[in-house]
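Per-entry structural report
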Amino acid sequence: MSPSVDKKTQPGARGIPQGPSADGVWVNLNPVPGLVIANVPVPDGQCTCVVVQGGRMSWVGPQAQVPAEYQALRRWDAHGALATPGLVDCHTHLVYGGQRANEFAMRLAGATYEEVAKAGGGIVSSVKATREASEDELFALAAPRLQALLDEGVCAIEIKSGYGLALEHERKQLRVARRLGTAFGVIVRTTFLGAHALPPEYAGRSQDYTDLVCNEMLPALAAEGLVDAVDVFCERIAFTLAETEQVFQAAQKLGIPVKLHAEQLSDMGGAALAARYGALSCDHIEHLSQDGIAAMKAAGTVAVLLPGACYTLRDTHLPPIAQLREAGVPMAVSTDHNPGTSPALSLLLMANMACTLFRLTVPEALAGITTHAARALGLQDTHGLIAAGRPANFVLWPLSEPAELAYWYGHKPACTIVRQGCVAADGLGIDLPHGGRNGI
Ligand code: DI6
Ligand code: FE
């Protein structure tokens, strides 16, 4: 299968241009409050104008005050469409072989996640299928998953390894992640998750495998430029706190930022450890303690909420949202797309679930899939906000109010997407001669 990129796009040699240039003056936008920073304040009730030049947003403000130098540029009329920054999916395991619908069925028949793992299923069964797949096969499998996320306005995405668990197979996953970024013109941040599970050939030799991760796999993959961040699954059924720290030390030595699958099934104290290493994010955190929250706040670590995993596992132990809110810890929301616990391919559905299952407010959920998700990837200066000086990444929605983004589910709005300075999709028909087919 080849990647289903839009017909008018050309996979760029440098991995950027995927559609016509978005350069010009974008008028009559209605940005979601809190997700835009204007150069000149936009009075209430007035539309916003965004100037794009050379693929970057160069000015944001009221239409009446667009500087003269931009007046002659091409005009794109959004007709008052709701606008958000490009969405950011900050936690995915998108590249893997096979799928695990059988485990879904097992759990419905009564087995727990831990029982499935102990019975030889779980992560290790995806490891087998991933090892058997070639790089091209993994690319072909991941491409339509990525396309589904992109169709909803995702402009930056994290992709983890962790289903190879041996140097050549982890390399394969990370190389596919990089190739996806190039082929689809989307920002991909790669995360090395070698410490995801113990590979079968290391059964009972957890320390030996951790040494391999730290001393061979990570340095080799980092030298190849394949690692933007390092993650560990710190859990009873995965890696201990001490092993996690060993991996963090190896990452620190190489100057690579860390993040952590923390306190998903139990309180291991992982979040406090990660915060000590200045982690970008702690993810899952259903069993996060008050100490963990305080440590994350002090370190500026983002809390990444993954309602898709809670939903799939029918987990009733929810993350401590009220305490995180109270402490002022930034909360991101992500798909955690993976074949075991969250086969989710809609970030908007995750925003809906973050509201309905976790009781996030709409503004929290929308910041969670944009601004705070960007921070969880270290992309806070380039993504997650409509603001001058950033690469042009924004989405125009056929919706009339922000709450609709978290309200509908099972419905992909036909949006217009500007991704990395290109018009990657034009569901609103802004590029049509009559300037819009949706009557907005
Ligand atoms: N936590 C998760 O939710 C995924 N990995 C992890 O560390 C689950 C991965 C899987 O079951 O394949
Ligand atoms: Fe995960």
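Residues numbered from 1 in each chain as written. Chains lettered and ligands numbered in written order. Predicted model: local features only at pLDDT ≥ 70, side-chain atom pairs only at ≥ 80, totals over all residues. Heavy atoms only, no water.

1. Looking at the overall build of the protein chain
Scanning the protein chain for helices and strands turns up 15 helices and 17 strands. Relative to the 2.2 N^0.38 estimate, which gives 22 Å for 440 residues, the radius of gyration of the protein chain is 21 Å and therefore close to what a compact globule would have. Principal-axis analysis of the C-alpha atoms places the extent of the protein chain at approximately 70 × 45 × 45 Å. The burial tally for the protein chain puts 58% of its 440 residues in the buried class. Summed over its atoms, the accessible surface of the protein chain is roughly 16,900 Å², and 53% of this surface lies on carbon and sulfur atoms. Counting 33 positive and 42 negative side-chain charges, the protein chain places the averaged centre of each group 4 Å from the other. (Helix = DSSP H or I, 4+ residues; strand = E, 2+ residues; numbered from the N terminus. Rg over C-alpha atoms; globule rule 2.2 N^0.38 Å. Buried < 20%, exposed > 50% of the residue type's maximum accessible area, 1.4 Å probe, protein only. Areas by Shrake-Rupley, 256 points an atom, 1.4 Å probe, with all protein chains shown as cover. Lys, Arg positive; Asp, Glu negative; His and termini not counted. Charge placed at Lys NZ, Arg CZ, Asp CG, Glu CD.)

2. A closer look at the sheet that holds strand 7 (residues 154-160)
The 4 strands lie next to each other as 6-7-8-9, forming an open sheet whose pairing is parallel. Taken across any chain shown, the strands that pair with only one partner, and hence form the sheet edges, are strand 6 (87-89) and strand 9 (229-232). Ignoring strand direction, the axes of neighbouring strands in this sheet form an average angle of 20°. Note: strand 7 against strand 8 (residues 187-195), 5 bridges, orientation parallel. Bridged to Glu158 within strand 8 is Arg189. Here helix 5 (residues 167-184) sits on the sheet in contact with strand 7 and strand 8, set at roughly 170° to strand 8. (Pairing = 2+ DSSP bridges. Axes fitted to C-alpha atoms, helices over the stretch in contact; angles between N-to-C directions. Contact = heavy atoms within 4.5 Å.)

3. Some thoughts on the packing of aromatic side chains
By the definition in use, this model includes 7 aromatic pairs. On the basis of an interplanar angle of 35° and a centroid distance of 6.2 Å, the ring pair of Tyr209 and Phe239 is categorised as tilted. In this pair, Tyr209 is assigned in helix 6 (residues 206-223) and Phe239 in the loop between strand 9 and helix 7 (241-253), connecting sequence segments 30 residues apart. Plain terms: the ring middles of Phe248 and Tyr277 are 5.5 Å apart, the flat faces sit at 55° to each other, and that makes the pair tilted. With Phe248 in helix 7 and Tyr277 in the loop between helix 8 (270-276) and strand 11 (281-284), this pair connects stretches of sequence that are 29 residues apart. Taken together through their ring pairs, the aromatic side chains of Trp26, Trp76 and Phe394 make up a single cluster. Directly above the aromatic system of Tyr96 lies the positively charged group of Arg145, at a separation of 3.7 Å from the ring centroid. (Phe/Tyr/Trp six-rings, centres within 6.5 Å; stacked < 30°, edge-to-face > 60°. Lys NZ or Arg CZ within 6 Å of the ring centre and 35° of its normal.)

4. Examining the nonpolar core
Ile157, Leu180, Phe184, Val227, Leu324, Leu360 and Trp397 are the most contacted members of the largest nonpolar core, which totals 100 residues. Beyond its immediate sequence surroundings of up to four residues, Leu180 is in contact with Val95, Phe139, Ala142, Ala143, Leu146, Ile159, Gly185 and Val186. Counting residues in each nonpolar core, the second largest holds 19 residues, with Ala78, Ala392, Leu428 and Ile430 among its members. (Core = buried A, V, L, I, M, F, W, Y, C linked by side-chain atoms within 4.5 Å.)

5. Some points on the site of ligand 1
In the neighbourhood of ligand 1, 14 residues make up the surrounding shell, with Arg100, Tyr113, Tyr163, His196 and Phe233 lying closest. In this structure, an oxygen atom belonging to ligand 1 sits 2.8 Å away from a side-chain N or O atom of Arg100. In this structure, Asp336 approaches ligand 1 through a side-chain N or O atom, which is 3.0 Å from an oxygen atom. Burial of ligand 1 by the protein chains amounts to 100% of its free accessible area of 320 Å². Considered class by class, the residues forming the shell around ligand 1 number 4 nonpolar, 8 polar and 2 charged. (Near = heavy atom within 4 Å. Polar contact = N/O pair within 3.5 Å; in protein donor to acceptor, adjacent residues only side chain to side chain. Nonpolar A, V, L, I, M, F, W, Y, C, P; charged D, E, K, R; others polar.)

6. Thoughts on helix 4 (residues 135-151)
At 3.6 residues per turn, the α-helix brings residues three or four places apart onto the same side. Helix length check: helix 4 (17 residues) gives 24 Å between terminal C-alpha atoms against 24 Å at 1.5 Å per residue, within 8%. At Ala142, helix 4 is bent by approximately 30°, the largest bend along its length, and proline Pro144 sits one to four residues beyond. Within helix 4, 12 of the 17 residues are buried, which leaves the element mostly enclosed by the surrounding structure. When helix 4 is considered as a whole, its buried residues turn out to be Glu135, Leu138, Phe139, Ala140, Ala142, Ala143, Arg145, Leu146, Gln147, Ala148, Leu149 and Leu150. Of the surrounding secondary structure, the elements contacted by the buried residues of helix 4 are strand 6, helix 3 (123-132), strand 7, helix 5, helix 12 (347-356) and strand 16 (416-419). Immediately downstream of helix 4, the backbone of Gly153 shows phi near 100°, a positive value. (Expected span 1.5 Å × (residues − 1). Bend = angle between axes of the 7 residues up to and from the residue.)

7. Structural notes on the packing of helix 5 against helix 6
It is the contact of helix 5 with helix 6, at a shortest axis distance of 10 Å, that shows an interaxial angle of 35°. Judged by the sense of rotation from one axis to the other, the crossing of helix 5 with helix 6 is right-handed. Each of Leu167, Glu170, Arg171 and Leu174 in helix 5 lies in contact with helix 6, whose residues at this interface are Met217, Ala220 and Leu221. Classifying every residue of the contact of helix 5 with helix 6 by side-chain character gives 5 nonpolar, no polar and 2 charged. (Left-handed = near helix turned anticlockwise from the far one by under 90°.)

8. A look at the confidence of the model for the protein chain
This prediction gives the protein chain a mean pLDDT of 93; 94% of its residues lie at or above 70. Per-element averaging of pLDDT across the protein chain places helix 2 (residues 113-118) at the bottom with 77 and strand 13 (residues 331-333) at the top with 99. Predicted confidence for residues 1-14 stays below pLDDT 50, and this span has 23 contacts to residues more than four positions away or in other chains. In the predicted structure, residues 435-440 sits below a pLDDT of 50 and forms 17 contacts with residues beyond four places in sequence or in another chain. (pLDDT = per-residue confidence, 0-100.)

9. Here we look at the packing of helix 6 against helix 7
The relative placement of two packed helices comes down to the angle between their axes together with the axis-to-axis distance. Axis separation between helix 6 and helix 7 bottoms out at 10 Å; the angle between their running directions is 10°. Our classification of the angle between helix 6 and helix 7 gives roughly parallel. Along the contact surface, helix 6 presents Ser206, Gln207, Thr210, Asp211, Val213, Cys214 and Leu218, while helix 7 presents Glu243, Gln246, Val247, Ala250 and Ala251. Grouping the constituent residues of the contact of helix 6 with helix 7 by class yields 6 nonpolar, 4 polar and 2 charged. (Parallel < 35°, antiparallel > 145°, perpendicular 65-115°, else oblique.)

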